Amino acid sequence: MKDALDNVEVLIEDDPPPEQRNLLGLYEGIPLTQRGMWYTNVLPDRITLFRRTIRWASRGDPGELQRVVRDTVIHEIAHHFGISDERLDELGRA
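Residues numbered from 1 in each chain as written. Predicted model: local features only at pLDDT ≥ 70, side-chain atom pairs only at ≥ 80, totals over all residues. Heavy atoms only, no water.

Now for the environment of Gly36. Residue placement: Gly36 occurs in the loop between β2 (25–28) and β3 (45–50). Among the residues examined, Gly36 registers a relative accessible area of 33% and is labelled partly exposed. When the C-alpha positions of Gly36 and Arg52 are compared, they lie 36 Å apart, and in sequence the two are 16 residues distant. (Helix = DSSP H or I, 4+ residues; strand = E, 2+ residues; numbered from the N terminus. Buried < 20%, exposed > 50% of the residue type's maximum accessible area, 1.4 Å probe, protein only.)

So this is what it looks like as structure tokens:
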């Protein structure tokens, strides 16, 4: 899957935006399914993971921390590939 990622960077921030306090991760960019011939010389898409909410969601359990990070990264990468929240919900990955 790593080879299929195109023009995307992964960042870690301490906190999500104030209006989205419980957010674990965020994808910002143009999904691969929406890119056309015009897609050149653009800034990378961003996947941001939010450290404090991920720690809170894992409740201090190292195994749970790994699961939350993995699931969050998979969720945000799915958005990069053009998969909606609704489809992720149908697949049991929301």
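Take the packing of aromatic side chains next. A complete count under the given rule lists 1 aromatic pair for this structure. For the pair Trp38 and Tyr39, a centre-to-centre distance of 5.7 Å together with 75° between the ring planes defines the contact as edge-to-face. (Phe/Tyr/Trp six-rings, centres within 6.5 Å; stacked < 30°, edge-to-face > 60°.)

Taking 1.5 Å of rise per residue, the 19 residues of helix α2 (residues 62–80) would be expected to cover 27 Å, and the 27 Å separating its terminal C-alpha atoms lies within 8% of that figure. Listed as buried for α2 are Val68, Thr72, His75, Glu76, Ile77, Ala78, His79 and His80. Residues of α2 that are buried make contact with β1 (8–13), β2, β3, α1 (51–58) and α3 (85–90). With a side-chain oxygen lying 2.8 Å from the backbone nitrogen of Gly63, the N-terminal cap of α2 falls on Asp61. Immediately downstream of α2, the backbone of Gly82 shows phi near 90°, a positive value. (Expected span 1.5 Å × (residues − 1). Contact = heavy atoms within 4.5 Å. Polar contact = N/O pair within 3.5 Å; in protein donor to acceptor, adjacent residues only side chain to side chain.)

Here 3 strands make up an open sheet; going across it, the order is β1-β3-β2 and the pairing mixed. For this open sheet the edge positions go to β1 and β2, each flanked by a neighbour on one side alone. Within the sheet, the average angular offset between the axes of one strand and its neighbour, ignoring direction, is 15°. In the sheet, β2 pairs with β3 via 4 bridges, with the strands oriented antiparallel. Paired with Tyr27 across the bridge in β3 is Ile47. Strand contacts of α2: β1, β2 and β3, with the helix running at about 15° to β2, the strand carrying the most contacts. (Pairing = 2+ DSSP bridges. Axes fitted to C-alpha atoms, helices over the stretch in contact; angles between N-to-C directions.)

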